[in-house]
Structure formats: structure tokens, C-alpha cells
Amino acid sequence: MLLTKNKIDQHNTELIAAHSKKLDYCRATIEQSNQIIEKLSLFQIGIPSWALGAGGTRFGRFSYGGEPRNIEEKMEDIGLLHQLNKSSGAVSLHIPWDIPNDIPKLTKLAAEYGLQFDAVNSNTFQNQPSQELSYKFGSLQHVNKAVRQQAIQHNIDVIKIGESLGSKSLTVWLADGSCFPGQLNFRKAFQNTLESLTEIYAALPHDWKIFIEYKAFEPNFYSMTVGDWGQSLLYANKLGPKAATLVDLGHHLPNANIEQIVSILLNEGKLGGFHFNDSKYGDDDLTVGCINPYQLFLIFNELIDGMNEKGLDHATGLAWMIDASHNIKDPLEDLLQSVEAIKIAYAQALLVNTASLRDAQNNNDTVLAQEILQHAFRTDIRPLVAESRLVSGGALEPIKLYRDLAIRESLTDIRGSNNTATGL
Ligand code: PSV
Ligand code: MN
């Protein structure tokens, strides 16, 4: 369900006077306004194909009206998001939840909607109906070589699918680990996983990357074989230059200093990608920035600082992606909120006066250092974010337009109210 341009124009016309007033104030008070708007316009955040339906928990799942019934409808939903906010120009596919059977059709749709194919994701954490051997006791770590081989082959198949779509990276998230002390020989599990990853690495095309995602717990509750950034970095370093760590914000133990982790990984040249979400307790998969926006800002501050130092392009230097589950909200509204929160944190980080911060750090002026960061965080840059959408052809207030046009209701009319989109 795509929008006609005049619907967006009409919405913008109605809101332009109020927007201009706020923008003028920003321009008058923030020297770098134009550069920030330009950078924001270039920034794209990948949307995972598994996050377009209603999520669920192990206690239940409540369907949402109009959930996409197939991969084409998922693309359509992402195309719509991108029309509204002009920052959702990439899709990250999860295989086999979304197997692209008709590649020419999908590439045509992507071109029509202005979307790129981001990292492809393999799945060896569930058994599939056609699968011979079980992943109950792990996949790449498994004690049985035949299971490992099956999981390796799946990853290689995913790379092939990604290649046909123009993706340039594979994200591997493993549920491997153990639930009880004594169940697993940690060293052997690490070694098996490394050997398996080495085979997958060997199958990467020359211009591809492999991202190793870590997670502290769940579904295994005693040990995870890629449980933290240290383990992920070990694998990535041993594999070689095409391997890097992927940070999912929800995959840390409570109160972990994620901004420090990010800064060290970037410095090592081993930060590859990002999965954004927010959480209060664990892997809660909540809307980005809904619980701890200051932490998100601090993470962006380190990202921008580290990327600038390395000469990395903000828009293309890392794989930016949302990874969330929408248990009670409209998934599309939730994704719009998440993208907005990411862009706000990015813009605030661009505001930080790095030279003054360095001076304050070198003088051990703790108070001034904090003032500099909090000044940026407390500056309302939302008019700059809205302007970046406007100049790119998006809507000034995406959620308002989405609601005014009753898009969810139309999607429900077209697709029905009892579908279950594949995914989380
Ligand atoms: C695991 O919790 C995870 O965050 C990984 O990124 C997966 O790819 C995603 O969820 C979907 O299973
Ligand atoms: Mn993730």
C-alpha cells in the first residue's frame, strides 16, 4: 500500500507553518544545522523482515490486523515506511522465515520502493520441517559433525540467496550454548564453532562481511557459545578481516556499558553492525529509545567519535538495523518511532563539541565534560530531523499521516485480520 505523492505534500502543507517556526529557532541557535540536516538525510536504517508482524512471547501471540502474508507484502510495508520517513531504505531478510523464491520480482520491487538488501540472516536456532538433523543441542557448536555440517551448509545457502539480491553481508546469530552446568565442554564448543565459522567464512564472496552477533542469555540459560563481545571478537579476529562483531543493544547483561564496548570494538576495526532496540531487563525488544534515550545518545556519541577518527562514512560505515518485536503496538508505528529515536540520538551526537570535550578530558574537568554531553542531549533537534524528512520527500509527522490516512485499517481490509507474519 504505497502513498501517492500528493498525500504527503498535502500533509506537509498543513504542517509547514508550525514546522518552519521551530526550524527557524534551531537554525538561529545551532550553528551546524544545515550539516546535520544533510547527514540525517543520508542516514538509512535497515528494517528486519521479521519485525513487520505482531511479535509474541512464549506466553502467547496476539495477531495484528493487516499483517503481511508474504515477503512481497513485507517489502511493501518497508516501502511504505520509507515513503513516510525516507530513512528506512533497507531490508534485512531472515532465512528461512522469508525465502525469496522469485528473485527478479523482489529486486524489481526493491527498486520500485527504493530499498536495498542489507545483511541476510541465517537461522539455525529452530528446526525446519524439511530438516534432517535437530538443533536442539546447538548447531555450529554441535558434538555431531553432521549437525555442524548441516548448519554450515544452511549459512552457505543463505549467502547464495543474499548474493542474488545484492546483499553484502551475513549476520550469524547462534542460540548455541547450554542450559545446565556440565552439559557442554566450553572449549570444545568454542573450537567446533570456530571451525564451522571458518568454513562459512571461506564461502564468503570477496566483497562480503560476516557479522558475529552475541547474546548473554536466552534461549540457553547457563552458557551461550557467543555470549558476549569478548567471545564474538575472538571469533572475528581468528576468522580474518571480513569478520566483525555485531552489537544488539538488548543482548547484554543489565547495566553493561555498551558505549564503552562499542568504542573499543570500533577502535579495533571490528565493529560491523548494529541491532537497535531498547530494554529494561534483558532482551526485551522494545522500541528504540523508549526506556533509556540517554544511553542511546552516549552510544551514538562514541560511534560518531570513533567513526570520525577512522574516517568511516556515518551512513555506510556500519550496518544499521532495528531488531525489535512488537507485542502490543502496531508494528509499523513502532518502527517509525524507532527510526525517529535513532535519528534523534544521531543528530544529538553530531552536536557534541568534540574539541571542547577533548580539552575537558585532558584537563580532568569532569564537570565540563558532563556539561558538554548533556547540553547536546538536552537540545531539542527534532525540527532538524523533521526537516531532513521534508527535504528528502518524506512526511513531517509520519505517524500522524499514517493515522490520518487510516493505513492500518486499509491494510486490514486488504489482507485480513488473522494472518500471522513469519518472524519473531
Ligand atoms: C536474537 O534475539 C536476535 O536478536 C537475533 O538478531 C536474531 O537474528 C533475531 O533475534 C531474530 O531471531
Ligand atoms: Mn539481533
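The structure presented is a predicted model; accordingly, all values stated were derived computationally and were not measured.

K.L.:
So what exactly am I meant to see when it comes to the overall build of the chain here?
P.N.:
Broken down by element type, the chain carries 15 helices and 13 strands. Scaling as 2.2 N^0.38, a compact globule of 424 residues should have a C-alpha radius of gyration of about 22 Å, and the chain matches this with 22 Å. Dimensions of the chain, computed from the C-alpha atoms along their principal axes, are close to 65 × 60 × 40 Å. A buried classification covers 48% of the 424 residues belonging to the chain. Of the contacts made within the chain by residues no fewer than 6 positions apart, 80% connect residues no fewer than 24 positions apart.

K.L.:
Explain the site of ligand 1 here, please?
P.N.:
Taken together, the neighbourhood of ligand 1 is formed by Trp50, Asn121, Trp173, Glu213, Lys215, Asp248, His275, Asp283, Asp323 and Leu424. Its residues assigned to classes, the shell around ligand 1 shows three nonpolar, two polar and five charged.

K.L.:
What's the story with the nonpolar core in this structure? I'm lost.
P.N.:
Nonpolar side chains tend toward joint burial in soluble globular proteins. If you look at the biggest cluster of nonpolar residues, it comprises 110 residues, and the most contacted ones within it are Ile212 and Ala347. Broken down by element, this core gets its largest block of residues, 13 residues, from helix α10 (residues 331–351).

K.L.:
Looking at this structure, how should I read the packing of helix α2 (residues 33–42) against helix α13 (residues 382–392)?
P.N.:
A pair of packed helices is characterised by two quantities: the angle between their axes and the separation of those axes. Contact geometry of α2 with α13 gives a least axis separation of 8 Å together with a crossing angle of 60 degrees. One finds that α2 runs oblique with respect to α13. By crossing handedness, the relation of α2 to α13 is classed as right-handed. Here Ser33, Ile36, Ile37, Leu40 and Ser41 of α2 lie close against α13, whose contacting residues are Leu384, Val385, Glu387, Ser388, Val391 and Ser392. For the contact of α2 with α13, the class distribution of residues is six nonpolar, four polar and one charged.

K.L.:
Would you mind going over the pairing of strand β11 (residues 243–248) with me for this structure?
P.N.:
For β11, a buried count of six out of six residues is recorded, marking the element as mostly surrounded by other parts of the structure. Two elements, strand β9 (residues 209–213) and β11, share four bridges in a ladder whose sense is parallel. Across the sheet, the residue bridging to Ile212 is Thr245, located in β11. Between β11 and its parallel partner strand β12 (residues 271–276), the chain crosses via helix α8 (residues 258–267), and the hand of that crossover is right-handed.

K.L.:
Just checking my understanding: could you explain the pairing of β12 for this structure?
P.N.:
Consecutive residues of a regular strand have side chains that alternate between opposite faces of the sheet. In terms of burial, β12 is a largely internal element, six of the six residues being buried. With four bridges connecting them, β11 and β12 associate as parallel partners. By the bridge assignment, Thr245 is partnered in β12 with Leu271. Pairing between β12 and strand β13 (residues 319–322): four bridges, direction parallel. Within β13, the residue paired with Phe276 across the bridge is Ile322. The β-α-β motif built from β12, the intervening helix α9 (residues 293–310) and the parallel element β13 has right-handed crossover chirality.

Calculation criteria
Residues numbered from 1 in each chain as written. Chains lettered and ligands numbered in written order. Predicted model: local features only at pLDDT ≥ 70, side-chain atom pairs only at ≥ 80, totals over all residues. Helix = DSSP H or I, 4+ residues; strand = E, 2+ residues; numbered from the N terminus. Rg over C-alpha atoms; globule rule 2.2 N^0.38 Å. Buried ≥ 20, exposed ≤ 12 C-beta atoms within 10 Å, placed from the backbone. Contact = placed C-beta atoms within 7 Å. Near = placed C-beta within 6 Å. Nonpolar A, V, L, I, M, F, W, Y, C, P; charged D, E, K, R; others polar. Core = buried A, V, L, I, M, F, W, Y, C linked by C-beta atoms within 7 Å. Axes fitted to C-alpha atoms, helices over the stretch in contact; angles between N-to-C directions. Parallel < 35°, antiparallel > 145°, perpendicular 65-115°, else oblique. Left-handed = near helix turned anticlockwise from the far one by under 90°. Pairing = 2+ DSSP bridges. Right-handed = clockwise from strand over helix to strand, strands pointing away.

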